[in-house]
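Spelled out from the first residue to the last, the chains are:
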Amino acid sequence: MPVSGSLHIFAKIFYTMNLHEYQAKELLKKFNVPVQEGIACNTPAEAEEAYRQIHTLYDSKFAVVKAQIHAGGRGKGTIRGKEQRGVAIGKNAEAVKEIAQNLIGGTLVTIQTGPAGKLVNKVLVAQDVYYDGPNPVKEFYLSILMDRAKGQNVIMYSTEGGMNIEDVAHNTPEKIFKEWVNPGGLLQAFQARKIAFNLGLGGNAFKNCVKFVTNLYNAYVGLDCSMLEINPLFKTSDDKIIAVDCKMDVDDNSLMRHADIAGLRDISEEDPTEVEAGKFNLNFVKLDGNVGCMVNGAGLAMATMDMIKLSGGEPANFLDVGGTANAQTVEAGFRIILKDPKVKAILINIFGGIVRCDRVAQGVIDAYQSIGNIDIPIIVRLQGTNADVAKTLIDESGLKVQSAILLSEAAALVNKAVA
């Protein structure tokens, strides 16, 4: 992996929109995928009423209250300052209300959120699926995503589902099965049967699993998902197969076809700086380093982050201004980068192909003059169309902007700035 961890950033910039569990389940139901039913609630009072409805509709002995955040590990996570888990069972309306009071407005810290945690604004009150029946219940794992190495969609599944799936993958990888599907085709019947067989199912459970997996794959394709994870995939005591939990990521580039899904975006779950950058059509990912970078092109941006790392710094962000950069977008990029108090220097690395270097240089000058005094070093490397004109503009601007031609020169200036 490149030294800056740019593979991780590369994953993030395959732009996806995350959905909450309750939203994802409603979408799955449109494809006839059975799910654990539930009601999304904004207040403890709503959660209390939701329990009563679920108890009446499904004869549930209890309800499961789940914090709705864009992160996994909720079952093991806790609310900061409390012992409340992110997923808990309430055996009556009063217990459900109390759990909701502990969750809503609290900060849930899980292994995926990191120490900062995430604010819980909503909970899902879901039905009991552990009802009595003739057969034992069982939890499985199943996910669908793109295997970029093979250029095919892959269904990953295991007989060992639940909260410890990461341990299963690490300690007993032989329990993880994979089934590949050509992106242009459908899941074949024999593949769905193979998955049900490998999960050890028989009888009605086998038949229901075949239908479930087939419909789930249709949902993955039909909704333009980049990732769809069901954990646990649950076999009830009467051999139904249902999605108890669902994590769904939808490809941003497909949202023009899915206006209903685009309307489900929850910006409160996103980094405010990244949301602001999106208003200017800037592709921005916040990092934890000390060198801000502004680049055109995702590949060049990742190479630039590697160079920053090698020069002794740490990238503070990924910022791709794209091929239509102008003075306004450059200024917006500057302002967003400068909001980070950790930034000790800014590196602008532009290859002028579609975008002219002199246009970017003028944008840098205009932004510098508009923002006012910028008390950190700015290093500008411009190569390509009108690079010579751009260098002249920078050098004659009278601003405290350092220009470089070679990448090694830019690296040396970065090293000096953060030393």
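The preceding data block contains the structure.
For every chain, the first residue of its written sequence is number 1, and the numbers climb from 1 along that sequence. Residue-level local features of this predicted model are given only where pLDDT is at least 70; pairs of side-chain atoms are given and counted only at 80 or more, and the full residue set underlies all totals for whole chains, interfaces and linings. The side-chain figures draw on all heavy atoms in the structure; neither hydrogens nor water molecules are used.

Thoughts on the overall build of the chain
In this text, helices come from DSSP runs of H or I with a minimum length of four residues, and strands from runs of E with a minimum of two, each type numbered from the N-terminal end. On a plain count of helices and strands, the chain comes out with 14 helices and 20 strands. Taking the principal axes of the C-alpha coordinates as reference, the chain spans close to 85 × 50 × 40 Å. Throughout, a residue-residue contact means that at least one pair of heavy atoms, one from each residue, lies within 4.5 Å. Summarising the internal contacts of the chain: among those between residues at least 6 apart in sequence, 70% fall at separations of at least 24. A 1.4 Å probe and the Shrake-Rupley method give the accessible areas. Residues count as covered only by the protein chains that appear here. For the chain, the exposed area adds up to about 19,500 Å²; of that, 53% sits on carbon and sulfur atoms. One way to put it: in the chain the 43 positive side-chain charges average out to a point 2 Å from where the 47 negative ones average out. His residues and chain termini do not enter the charge count, which takes Lys and Arg as positive and Asp and Glu as negative. A charged residue contributes its charge at one atom only: NZ of Lys, CZ of Arg, CG of Asp or CD of Glu.

Overview of the packing of helix α6 (residues 189-198) against helix α7 (residues 203-222)
Here α6 crosses α7 at 130 degrees, and the two axes come no closer than 8 Å. Between α6 and α7, the interaxial angle falls into the category oblique. Where α6 crosses over α7, the handedness of that crossing is right-handed. The residues of α7 that touch α6, namely those facing Ala192, Arg193, Ile195, Ala196 and Phe197, are Phe206, Cys209, Val210, Val213 and Thr214. Only the stretch in contact is used when fitting a helix axis, every axis being a line fitted to C-alpha atoms; angles between N-to-C directions are given from 0 to 180 degrees. Here the word oblique covers every angle except those under 35 degrees (roughly parallel), over 145 (roughly antiparallel) and from 65 to 115 (roughly perpendicular). Handedness of a crossing is defined here by the sense of rotation of the near helix relative to the far one, left-handed for an anticlockwise turn of less than a right angle and right-handed for a clockwise turn.

Quick look at the packing of helix α3 (residues 44-58) against helix α4 (residues 93-103)
The geometry of α3 relative to α4 is characterised by a closest axis approach of 8 Å and an angle of 145 degrees between their N-to-C directions. For the pair α3 and α4, the sense of crossing is right-handed. Of the residues in α4, those in contact with Pro44, Ala47, Glu48, Tyr51 and Arg52 of α3 are Ala93, Glu94, Val96, Lys97, Ala100 and Gln101. All amino acids are sorted into three groups, where Ala, Val, Leu, Ile, Met, Phe, Trp, Tyr, Cys and Pro are nonpolar, Asp, Glu, Lys and Arg are charged, and the leftover types, Gly among them, are polar. Here the contact of α3 with α4 is built from residues that sort into six nonpolar, one polar and four charged.

Things to note about the sheet that holds strand β2 (residues 38-41)
Two strands qualify as a pair provided DSSP detects at least 2 bridges between them. Across the sheet, four strands lie side by side as β2-β8-β3-β5; this open sheet has antiparallel pairing. Bordering the open sheet on either side are β2 and β5 (87-90), each of which pairs with just one other strand. Each adjacent strand pair in this sheet contributes to an overall mean axis angle of 25 degrees, direction not counted. Bridging between β2 and strand β8 (residues 123-126) involves four bridges; their strand directions are antiparallel. When the bridges of β8 are listed, Cys41 appears paired with Val123.

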